[in-house]
Amino acid sequence: MLRLAILVLVLLIWEDILGNRGCMGNKATAVARFSPGMKPKCHVKARCEIYPRSQIKRFPVPDDKVPWTTNFSEYKPVDYTADSILKRPVYADPDIRTEKDSPPLTFNGCDGKINRVSHMGKYEIVDGVPRNPQGRTGLKGRGQLGRWGPNHAADPVVTRWKMDESGKTLNGSDGRPVLQFVSVQRRDNHQWAIPGGMVDAGEVVTATVRREFGEEALNSMEMSPEEKKRLEKELDQLFSTGREIYRGYVDDPRNTDNAWMETVAFNFHDEDNSCFGKIKLCAGDDAMNVQWMDLSGSLDLYASHIDFLAEVAKNHNASW
Ligand code: BGC
């Protein structure tokens, strides 16, 4: 019995290490873990009629035909991988279906520095390629995504209370205090979103959220080395505490039957505005605009970002 308990403990610790480290990185700053009650719903955006940045129409998949376990004999998903991906930018895999002499990829595991482990558990490999764990999308291949299987991202939800000039917290129509979060407008589709981004090979997710926040919401890529140093110090305080609010599949319009987005989202909260008073928001990299936005259930945001915010509002007992 004791041996079994020790084995389970070792397995749990190992999963935790893999999840936070990616495949080669060192575990970064300790983050208060929170067991999220959120489960991914039946994907909707991943079945959008026209595939993003293309004229490609997905094969229509009704709600009841999404699960692979449901028979759907007429199903003929369109095969599409964007030319930009087939040209093999650094983050893209080879087309393993046609380039038969390319070295095999290690799915459900670490492939050198590339983390191909899903936060959703073990995914199936069918006809040599990974199968989307959330079901059919109406499109096979990789679309705009570089990796077969999970494509890992990380999202920082940076929040503060909405206050008037005298520092008094403002309430929403439901009588609860209003939270604000840093939101960026994406350059690719002009939608407002959390300033997240892709985890680089070998990078730890806690480093990704910090880097992406700097690049997209503070324009750190354009800063001088001295300015960057100062910024790093200021961010240390904010990013030293964080709460994981979600880890798993994202209902992203770029998802396909064989490639999909997953993320780890963290909430970094500035309770008394002591940290953000000093920092000036400035859009950069993939973001065209940045602003403090009031959290509310009526926002129309990219992918399933609204679900992460709902969790944050609940945790802080904020207006929604
Ligand atoms: C975005 C993340 C998002 C992920 C999944 C990435 O491109 O930068 O914010 O969570 O895609 O939609």
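To be clear, the structure that these remarks concern was listed above.
Residues numbered from 1 in each chain as written. Predicted model: local features only at pLDDT ≥ 70, side-chain atom pairs only at ≥ 80, totals over all residues. Heavy atoms only, no water.

Colleague: So what exactly am I meant to see when it comes to the overall build of the protein chain here?
Modeller: For the protein chain, the helix and strand inventory stands at 5 helices and 13 strands. The buried share of the protein chain, taken over its 320 residues, is 49%. In the protein chain, the proportion of contacts linking residues at least 24 apart, taken out of those at least 6 apart, comes to 70%. Surface summary for the protein chain: the accessible area is close to 16,300 Å², and the carbon and sulfur share equals 53%. (Helix = DSSP H or I, 4+ residues; strand = E, 2+ residues; numbered from the N terminus. Buried < 20%, exposed > 50% of the residue type's maximum accessible area, 1.4 Å probe, protein only. Contact = heavy atoms within 4.5 Å. Areas by Shrake-Rupley, 256 points an atom, 1.4 Å probe, with all protein chains shown as cover.)

Colleague: What am I meant to see in the side chain of aspartate 270 here?
Modeller: With respect to the secondary-structure elements, aspartate 270 resides in strand β12 (residues 259-270). Among buried charged residues, aspartate 270 stands out as having no salt bridge; its nearest opposite-charge side chain is arginine 160, 7.2 Å away. A polar side-chain atom of aspartate 270 sits 3.4 Å from the main-chain amide nitrogen of asparagine 273. There is a polar contact of 3.3 Å between the side chain of aspartate 270 and the backbone nitrogen of serine 274. Residues in contact with aspartate 270, not counting those within four places in the same chain, are Thr159, Arg160, Trp161, Leu238, Cys275 and Phe276. (Lys, Arg positive; Asp, Glu negative; His and termini not counted. Salt bridge = Lys/Arg side-chain N within 4 Å of Asp/Glu carboxyl O. Polar contact = N/O pair within 3.5 Å; in protein donor to acceptor, adjacent residues only side chain to side chain.)

Colleague: Quick question: what am I supposed to make of the site of the ligand here?
Modeller: By nearness alone, 13 residues border the ligand, and Asp155, Gly196, Asp252, Arg254 and His305 come closest of all. Glycine 196 is positioned such that a nitrogen or oxygen atom in its backbone is 3.0 Å from an oxygen atom of the ligand. One of the backbone nitrogen or oxygen atoms of glycine 197 is found 3.3 Å away from an oxygen atom of the ligand. Summarising the interface, the protein chains cover 95% of the accessible area of the ligand, which totals 310 Å² for the free molecule. (Near = heavy atom within 4 Å.)

Colleague: Would you mind showing me how to read helix α5 (residues 305-315) here?
Modeller: The α-helix winds at 3.6 residues per turn, so residues separated by three or four positions along the chain end up facing the same way. Listing the buried residues of α5 in full gives His305, Ile306, Phe308, Leu309, Glu311, Val312 and Ala313. Buried residues belonging to α5 abut β7 (149-161), β8 (179-186), β9 (192-193), β11 (243-249) and β12. Just downstream of α5 lies asparagine 317, where phi reads positive at about 50 degrees.

Colleague: Explain the nonpolar core to me, please; I cannot follow it from the model alone.
Modeller: As a rule of thumb, soluble globular proteins bury nonpolar side chains together. With 35 residues, the main nonpolar core has Val157, Phe181, Leu295, Leu301 and Phe308 as its most contacted residues. Sorting the residues of this core by element identifies β7, β8, β9, β11, β12 and α5 as the ones contributing at least two each. The greatest single-element share of this core, amounting to 5 residues, is contributed by α5. (Core = buried A, V, L, I, M, F, W, Y, C linked by side-chain atoms within 4.5 Å.)

Colleague: Explain the pairing of β7 here, please?
Modeller: Regular strands have side chains that alternate between both faces of the sheet. Within β7, 13 of the 13 residues are buried, which leaves the element mostly enclosed by the surrounding structure. Pairing of β7 with strand β10 (residues 197-198), which is carried by 2 bridges, proceeds in the antiparallel orientation. Of the residues in β10, the one forming a bridge with alanine 154 is glycine 197. In the sheet, β7 pairs with β8 via 3 bridges, with the strands oriented antiparallel. Bridge pairing links threonine 159 to phenylalanine 181 in β8. (Pairing = 2+ DSSP bridges.)

Colleague: Would you take a moment to explain the environment of glutamate 234 for this structure?
Modeller: Checked against the element boundaries, glutamate 234 lands in helix α4 (residues 225-239). Glutamate 234 gets classed as partly exposed once you look at its relative accessible area, which sits at 22%. Considered as a pair, glutamate 234 and phenylalanine 276 are 42 residues apart in the sequence and their alpha carbons are 8.8 Å apart.

Colleague: Can you help me understand unusual backbone geometry in this one?
Modeller: Located in the positive-phi region is asparagine 273, a residue other than glycine, with phi close to 60 degrees. Of note, asparagine 273 is situated in the loop between β12 and β13 (287-294).

Colleague: Is there a simple way to explain the pattern of salt bridges in this structure?
Modeller: Pairing between side chains of opposite charge can happen when their charged atoms approach one another. Evaluated as defined, the whole model comprises 20 salt bridges. With a shortest N-O distance of 3.7 Å, arginine 176 and aspartate 174 are connected by a salt bridge. Here arginine 176 falls in the partly exposed class, since its relative accessible area comes to 33%. Given the relative accessible area of 33%, aspartate 174 is considered partly exposed. Taken together, the shared-partner salt bridges connect Asp200, Glu203, Arg211, Glu212 and Glu215 into one network.

Colleague: Looking at this model, I keep getting lost on the packing of helix α3 (residues 205-217) against α4. Mind explaining?
Modeller: Axis angle and axis distance: for two packed helices, these are the angle between their axes and the distance between the axes, and together they describe the pair. Running from N to C, α3 and α4 point in directions that differ by 130 degrees, and their axes come no closer than 12 Å. If you check the angle between α3 and α4, you find them oblique. Both α3 and α4 take part in a crossing whose hand is right-handed. Contacts between α3 and α4 involve Val209, Arg210 and Phe213 on the former and, on the latter, Glu232, Leu235, Asp236 and Phe239. Grouping the amino acids of the contact of α3 with α4 by side-chain chemistry returns 4 nonpolar, no polar and 3 charged. (Axes fitted to C-alpha atoms, helices over the stretch in contact; angles between N-to-C directions. Parallel < 35°, antiparallel > 145°, perpendicular 65-115°, else oblique. Left-handed = near helix turned anticlockwise from the far one by under 90°. Nonpolar A, V, L, I, M, F, W, Y, C, P; charged D, E, K, R; others polar.)

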